[in-house]
Amino acid sequence: MEFRLLGTVSVDTRTGPLPLGPAKRRSLLAALLLSANTPVPVARLTDSLWGEEPPPRARGVIQGHVSRLRALLTGAEAQAYGVELVTLGDAYVLRVPETLLDYQRFEELLMLARQQRSAADTVRMLDDALSLWQGPALGGTFTEGPLQAAAHTLEESRLATVEELARAYADLGEHHRAASVLRAEAVAHPMRESLAAALILALYRAGRQSEALDWFHRTRRLLADELGIDPGHELADAYALILRGGPRPGAAPAGGTDAAGASRAATGPAEGAGTTAPPGPRGPAAHNPSAAPHPTDLLPRAPRGFHGRNAELAALTRAAAGEAPVCLVTGPAGVGKTSLALQWAHHNPAAFPDGRLFADLRGFSETGEPALIDVLREFLLALGVAPRRVPESVSAAAALFRSLTDRRRLLVVLDNARDSATVRALLPGGTDCVTLVTSRNRLEGLIASDAARPVPLGILEPQDGTALLAGVLGEERILAEPVAARRLAELCGGLPLALRVTAARLAGRPQWTLAGLADELADERGRLTFLDVDDTGVSAALRLTVQQLPADAVRQLARLGHHPGGHFDPYTCAALAGTDPAAAAAALERLGSAHLVTETAPGRWVLHDLVRLYARGLDPASGAEALVDVLDHYIATALAAADTAEPGGEPCFVLPEGYRPAAVRDFADRAAAMHWLATERDDLARAAVAARGAGLHDRAWRIILLQWPQVVWRVRDSWAPLLELALDSARAKQDLYAESRVLNLLGWVLTEEGRTAEALTLLERSPGLAQQAGDRLGEATALINLAVVQAGQGELDRALEGCGRAVVLAREEEDRHTEMLALQHLARLQLSAHRPGDALGSARTALALGPEHEEAARRSLLLAVSGEARLALGEEDEGILLLDRAAEEAEHAGYDEGAVRALEALLRVSARAEYRTRHALALRRLTDGG
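Residues numbered from 1 in each chain as written. Predicted model: local features only at pLDDT ≥ 70, side-chain atom pairs only at ≥ 80, totals over all residues. Heavy atoms only, no water.

Next up on the list: the overall build of the protein. Within the protein one finds 45 helices and 17 strands. In terms of C-alpha radius of gyration, the protein reaches 40 Å, well past the compact-globule figure of 30 Å for 930 residues. Each principal axis of the C-alpha atoms in the protein carries an extent, and together these give about 115 × 90 × 55 Å. By residue count, 52% of the 930 residues in the protein fall in the buried class. (Helix = DSSP H or I, 4+ residues; strand = E, 2+ residues; numbered from the N terminus. Rg over C-alpha atoms; globule rule 2.2 N^0.38 Å. Buried < 20%, exposed > 50% of the residue type's maximum accessible area, 1.4 Å probe, protein only.)

Take a look at the structure:
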């Protein structure tokens, strides 16, 4: 006895198939067999037989069919085979050995096939598995609802098995048999992309490349017409393999067949290869694509010394798999857009049997762009149109070009396009044609109107840069100085044009060392000069880009060249150029479209090093003014950030002489302000260094000191070197106020870093300097910081006296922020002096000074002191509660330092696992800097 679901549902016995009767009975049997040995509720059987509209007497009908099936099985002596149809409450179960179910044997054979080491054994078992199928699964049943889903699942399994069988044939090298197996299924399931992809690869590996490409384009058109989609990755990757000329069993190694093909292409037509020979006789063939004797090929020679770009080449291939695709390679001048396009275009001429056209649109050339009619005339003549038949107007010539290319498989390369309108007039008409455009502009209009697929091109990685140098200079010269070679690649900014110029200089001077040239390039003042040779170079390429820009964008670029930082936003740009943020943002968009600046995040832009040097030379006289403007912008913005982050804080200083800030951004809340201080830290440091280098010491120390909220928040983040720079600038200006303020912050940082002796030396001078400068609040802050160090040295009485004096000074100046700070440290010192009652009182007074939404870090520390004081007074429950609140507030605010301190105090009196976990997490965050 055998139960069949892989085909018409049936039960085979020694005397023949059982007469199952109507479709409903077969459907009932199928539903039971699909859940063999498992109870199937009547409700599920009802869904399987009728779907959403069962008849009123559905249960009675099911009972009748079950009774008839049970009688049929009994008459066929099913019990002898271990088969039994049983009623279990409101369900039925068909007990049957799995060996009697064809779909179970199918799955078992599949599992065994996958365990075989021999491809031949795999083929045999997969053949056996597929032989169990006698038609569409669950034939003769009510194929709606659950049964339809089950039939689909079984069919998917069969198709996957067919694909596995094809792969096994491929492993045996029998690609023709693989193609034969797949073709029938691909015809029956034309929109199953995995089948089409497998068939394309099988045909290609069987040496039937033209059939493979035809099948791809047939499938692509069907997907576009029926579903409105492009091929997915699997199908596109199969097409990509063919375009790349990927490995094919039995093919000659590289340098064999490829070299021969190249030789034939130079002397005459070869199958699937382009030719530079004239297009042949004119006449009717000119308007009949199939009659064209030879494919035309206008491509320049392939680039020499091409390296890397594997990801971009693959992206181009994927982009070319769509319908009438327009592939758009964009990037800055000198990044290698043309080389990439030509490398891809040359790699597999067989993909474009009707030819390859090329036009340099000279969109960024001093000689100007060619007339569109001239480009179209060249294309039409190459396609076999007689000269006298070439229309005189652009619109007529473009229409004829689209008509001639309508049924061709053609590649059109449009190099150095300046705008989208120029490209649109030159697009071919065929859905199997591929257009490859390169531009220094983003050409977003072409993306919008023609669904152009952008492939942005960035700089080369250092290893690819050194490989490019090796391609010109030879491996031996690179291997002799590997460190210098990498340094050259970095100094060239990964720009292929700069690397090629560098290689050309070295190639002509074998006595030069790579290290010597690297030292020359390290000097920014002469770097661009070294990167120009004859009529080629970075400066020339950038000049051609810049000359296309409007005056405001050029001015913005020139000012950006004097920016001391690594990145910028519209506010920074506005300060540099003396405009407003909206105008600066518009200029940045123009510069970004021309790939002169790069947007790395929304509103955050960077400038390539070589572009920066070029930009600086556009207006060298404005450098000093631009630097002052951007420094004042940073001072103004940092002031706003500090005021938002710590609204109770005292302004650190009067503004510098000649201060003239541009528009300043608003910060919505403390988090936004702290985020700005954190992300701008490196650029603020560069700005301070640039200010000191320009003798603008009054701005250098201010830019550094204004970062105090971030210093307090992340005190262990190596702030000392930057604060030492601020101290040098303060002393250079002989500014006692500034020196005292910097000493205060630097001394505190050194204390937190454990450098107590150094901190004490600095802090002992600070109160006196502040007093001389008439800075009473600065004196109070200095006394507080000095007290912390004195306490650490065991001088607790002096520390308490100094902190008490600081409280008095702050109260006299009516500065709640500084008073709160002094009381916090006084409470900590009183706790150390075993005066918990006094400590609790000081902490309470301090907490009453500040609103709860302000001074998150300060509140956490005061709550922690209060909690420890309660513990010292024997009030353990209240102490634990306060310490827990301190830790929670610190965690909520992201103040990991405070969280660690509070949780450490908690762990000294409580063994709760929650505290250990939170302490470990806070400590990890603090250690990781995050």
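Looking now at the sheet that holds strand β1 (residues 2-4). Here we have three strands laid out as an open sheet, ordered β1-β2-β3, and antiparallel in their pairing. Only two strands of the sheet have a single partner each, and these edge strands are β1 and β3 (16-17). In the sheet, strand β2 (residues 10-13) pairs with β3 via two bridges, with the strands oriented antiparallel. When the bridges of β3 are listed, Asp 12 appears paired with Pro 17. (Pairing = 2+ DSSP bridges.)

Here we take up the pattern of salt bridges. Summed over all chains, the structure comprises 58 salt bridges. The residue Arg 925 makes a salt bridge to Asp 896 at a minimum N-O spacing of 2.9 Å. Here Arg 925, found in helix α45 (residues 913-928), pairs with Asp 896, found in helix α44 (residues 896-907); they are 29 residues apart in sequence, far enough to count as distant. (Salt bridge = Lys/Arg side-chain N within 4 Å of Asp/Glu carboxyl O.)

For the rest of this paragraph, the subject is the nonpolar core. Phe 3, Leu 138 and Trp 344 are the most contacted members of the largest nonpolar core, which totals 222 residues. Per-element accounting of this core gives the leading share, eleven residues, to helix α29 (residues 623-645). In terms of nonpolar packing, the next biggest core, distinct from the first, is built from 35 residues, Ala 787, Leu 800, Val 807 and Ala 846 among them. (Core = buried A, V, L, I, M, F, W, Y, C linked by side-chain atoms within 4.5 Å.)

Next up on the list: the sheet that holds strand β5 (residues 84-88). Spatial strand order, β4-β6-β5: three strands in an open sheet with antiparallel pairing. Taken across any chain shown, the strands that pair with only one partner, and hence form the sheet edges, are β4 (40-41) and β5. Packing against the sheet, helix α1 (residues 23-34) makes contact with β4, β5 and β6 (91-95), and its axis sits at approximately 70° to β6. (Contact = heavy atoms within 4.5 Å. Axes fitted to C-alpha atoms, helices over the stretch in contact; angles between N-to-C directions.)

Next up on the list: the pairing of β5. As paired elements, β5 and β6 share five bridges and run antiparallel to each other. Across the sheet, Thr 87 pairs through a bridge with Tyr 92, a residue of β6. From the end of β5 to the start of β6, which pair antiparallel, there are two residues, and Gly 89 there has a positive phi angle of about 60°.

All right, on to the confidence of the model for the protein then. Averaged over all residues, the pLDDT of the protein equals 85, while 92% of them reach at least 70. Note on residues 250-293: pLDDT under 50 across the span, and 42 contacts to partners over four residues away in sequence or across chains. (pLDDT = per-residue confidence, 0-100.)

Relative to each other, helix α41 (residues 836-849) and helix α42 (residues 856-872) sit at 155°, their axes nearing to 9 Å. Between α41 and α42, the angle is such that the two are roughly antiparallel. Where α41 crosses over α42, the two elements pack in a sense that is left-handed. Of the residues in α42, those touching α41 at Pro 836, Ala 839, Leu 840, Ala 843, Arg 844, Ala 846 and Leu 847 are Arg 859, Leu 862, Leu 863, Val 865, Ser 866, Ala 869, Arg 870 and Ala 872. Each residue belonging to the contact of α41 with α42 can be placed in one class, and the counts come to eleven nonpolar, one polar and three charged. (Parallel < 35°, antiparallel > 145°, perpendicular 65-115°, else oblique. Left-handed = near helix turned anticlockwise from the far one by under 90°. Nonpolar A, V, L, I, M, F, W, Y, C, P; charged D, E, K, R; others polar.)

Another aspect to go through is a nonpolar patch on the surface. On the surface, a nonpolar cluster with roughly 250 Å² of combined accessible area is contributed by Met 191, Leu 227 and Ile 229. With respect to the helices and strands, the residue Ile 229 is situated in the loop between α9 (209-227) and α10 (233-244). (Patch = residues over 30% accessible without salt bridge, like charges linked within 9 Å, V, L, I, M, F, W, Y side chains within 5 Å. Areas by Shrake-Rupley, 256 points an atom, 1.4 Å probe, with all protein chains shown as cover.)

Once that is clear, we can look at helix α22 (residues 514-522). Taken together, the buried positions of α22 are occupied by Leu 514, Leu 517, Ala 518 and Leu 521. Down the axis of α22, the smallest arc covering the buried residues is 105°, so these residues share one side. (Arc of directions from axis to C-beta.)

The next point concerns the side chain of Gln 707. Here Gln 707 is to be found in the loop between α32 (697-705) and α33 (708-713). Residue classification places Gln 707 among the buried positions, given a relative accessible area of 1%. Beyond its immediate chain neighbours, meaning those up to four positions away, Gln 707 contacts Leu 677, Arg 681, Leu 684, Trp 719 and Leu 722.

Bringing the packing of helix α4 (residues 102-114) against helix α5 (residues 119-131) into the picture now. It is at 9 Å that the axes of α4 and α5 come closest, and there the two elements cross at 170°. By the criterion of interaxial angle, the relationship of α4 to α5 is roughly antiparallel. Residues Phe 106, Leu 109, Leu 110, Leu 112 and Ala 113 of α4 pack against Thr 122, Met 125, Leu 126, Asp 128, Ala 129 and Leu 130 of α5.

In total, this model carries six aromatic pairs according to the counting rule given. Positioned over the ring face of Phe 142 is Lys 24, at 4.6 Å from the centre of the ring. The ring of Trp 133 carries the charged tip of Arg 158 above its face, separated from the ring centre by 5.8 Å. (Phe/Tyr/Trp six-rings, centres within 6.5 Å; stacked < 30°, edge-to-face > 60°. Lys NZ or Arg CZ within 6 Å of the ring centre and 35° of its normal.)

Moving on, we come to the side chain of Glu 739. Mapped onto the secondary structure, Glu 739 falls in helix α35 (residues 736-752). If we skip the residues at most four places from it in the chain, Glu 739 touches Leu 727, Ala 730, Arg 731, Arg 765 and Leu 769.

For helix α3 (residues 58-75), which comprises 18 residues, the first-to-last C-alpha distance of 26 Å matches the rise-based estimate of 26 Å (1.5 Å per residue) to within 8%. Ala 58, Ile 62, His 65, Val 66, Leu 69, Leu 72 and Leu 73 are the residues of α3 that are buried. Viewed end-on, α3 has its buried residues packed into an arc of 125°, placing them on one side of the element. Exposed and oriented more than 90 degrees from the buried face of α3 are Thr 74 and Gly 75. Packing partners of the buried residues in α3 comprise β1, α1, α2 (42-50), β5 and β6. (Expected span 1.5 Å × (residues − 1).)

It is worth spelling out unusual backbone geometry at this point. Excluding glycine, most residues fall at negative phi; most peptide bonds, likewise, are trans. Residue Gln 734 is not a glycine yet carries a positive backbone phi of 50°. Inspection of the secondary structure puts Gln 734 in the loop between α34 (720-732) and α35. Here Gln 734 falls in the exposed class, since its relative accessible area comes to 72%.

Overall, the coordinates contain three cavities of 30 Å³ or more when judged by the stated rule. Of the volumes computed, that of the second largest cavity is approximately 90 Å³. Every residue lining the second largest cavity is listed: Phe 306, His 307, Arg 309, Val 335, Gly 336, Ser 339, Leu 460, Leu 468, Pro 496 and Arg 500. Considering only residue class, the lining of the second largest cavity consists of five nonpolar, three polar and two charged. (1 Å grid on protein atoms, 1.4 Å probe; cavity = no way out; pocket = protein on both sides within 12 Å on 5 of 7 lines; lining within 4 Å. Points joined across faces, edges and corners; volume = space filled by probe spheres on them.)

All right, on to the pairing of β2 then. Both β1 and β2 contribute to a ladder of three bridges, which runs antiparallel. Each residue of the ladder has a partner; that of Phe 3, found in β2, is Val 11. Taken together, β1 and the strand that follows it, β2, pair antiparallel across an intervening segment of five residues, in which Gly 7 is found at a positive phi of about 135°. Counted along the chain from β2 to the antiparallel partner β3, the turn is two residues long.

Let's shift gears to the environment of Glu 193. Note that Glu 193 resides in helix α8 (residues 193-205). Contacts of Glu 193, omitting those with residues within four sequence positions, involve Leu 223, Ile 229, Pro 231, Gly 232 and Leu 235. Polar side-chain contacts of Glu 193 include one of 2.6 Å to the backbone nitrogen of Gly 232. (Polar contact = N/O pair within 3.5 Å; in protein donor to acceptor, adjacent residues only side chain to side chain.)

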